[in-house]
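Structural overview for review
Read off the chains here:
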Amino acid sequence: MAPTCTKTGLTEGSHCSVCDVVLVAQEEIPTVAHNFTSDYLKGTKTCSNCSTSQNLVKSTYTIAGTFNDWNVSDTKMYKTEDANILRIDLQLAKGTTKFKVTPAGNWNTSYGNNGIIKATTWATSKTGWVMSTSQNDCQLSINVAGVYTFEFNIKTKAVYVSGGVSVIGDINGENWNIDHFMTYQGNGVFTVDIEMKKGNYLYKVRTNAAWDNSWGANFS
């Protein structure tokens, strides 16, 4: 019997088919480690082996803005495997969203950036948007409603934002002018169902209905 995250297992062992004497005794197999994946929208992590669910660890840092009526204690960011990086995923509407980051869930200290932030990622922006206590509200320009990821580096005071994931291309004769927006399924997974006509098509995945961040691949 194979072990799980919550129960020990047993080796097969063997016994005599005639007199039932044990030839090889069964041995206990220790439980296996949980394999957690994190959902920063719900604030939980779930084990793919046993479906055990736990709450993510919250930090003292909060993100507050027009999306939550500037409730400075309402939206705490979660700790990640990187001790310097905090993260939270938020469902945001189309338009301009303003926000700031606070280290202690109050307005005694808050970090901002006067620039208008477009979707950025670790891959395309090594420095992110550096924030400081002397700056005003951050402005995030959102072309499409959806789930957006906010990551804040407590060491460099830089914020990274990404989201609005879609597929675009010459699918079914389209001329790279239609975004098929994907639905957030949790655990960093986005999906979309598209009814495809027979043929060969080119496509890419991009964020925020813009070409600032797009991904493709070569298949042979």
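Further up the page is the structure itself.
Attention in this report is confined to the structure presented alongside it. (Residues numbered from 1 in each chain as written. Predicted model: local features only at pLDDT ≥ 70, side-chain atom pairs only at ≥ 80, totals over all residues. Heavy atoms only, no water.)

1. A short note on the sheet that holds strand β18 (residues 180-181)
The sheet built from 4 strands is open, its strands ordered β18-β17-β21-β22 with antiparallel pairing. Of all strands in the sheet, those bounded by a partner on one side alone are β18 and β22 (214-215). (Pairing = 2+ DSSP bridges. Helix = DSSP H or I, 4+ residues; strand = E, 2+ residues; numbered from the N terminus.)

2. A word on the layout of surface pockets
In this model, the second largest pocket occupies a volume close to 220 Å³. In this structure, the second largest pocket is lined by F36, T37, S38, Y40, K45, N55, L56, V57, K79, T80 and E81. When residues of the lining of the second largest pocket are assigned to their parent elements, the largest contribution, 3 residues, is made by strand β5 (residues 36-39). Split by residue class, the lining of the second largest pocket holds 4 nonpolar, 4 polar and 3 charged. (1 Å grid on protein atoms, 1.4 Å probe; cavity = no way out; pocket = protein on both sides within 12 Å on 5 of 7 lines; lining within 4 Å. Points joined across faces, edges and corners; volume = space filled by probe spheres on them. Nonpolar A, V, L, I, M, F, W, Y, C, P; charged D, E, K, R; others polar.)

3. Considering the sheet that holds strand β14 (residues 138-142)
Strand order in the open sheet formed by 9 strands is β12-β14-β11-β8-β9-β10-β15-β16-β13, with mixed pairing between adjacent strands. For this open sheet the edge positions go to β12 (116-117) and β13 (129-130), each flanked by a neighbour on one side alone.

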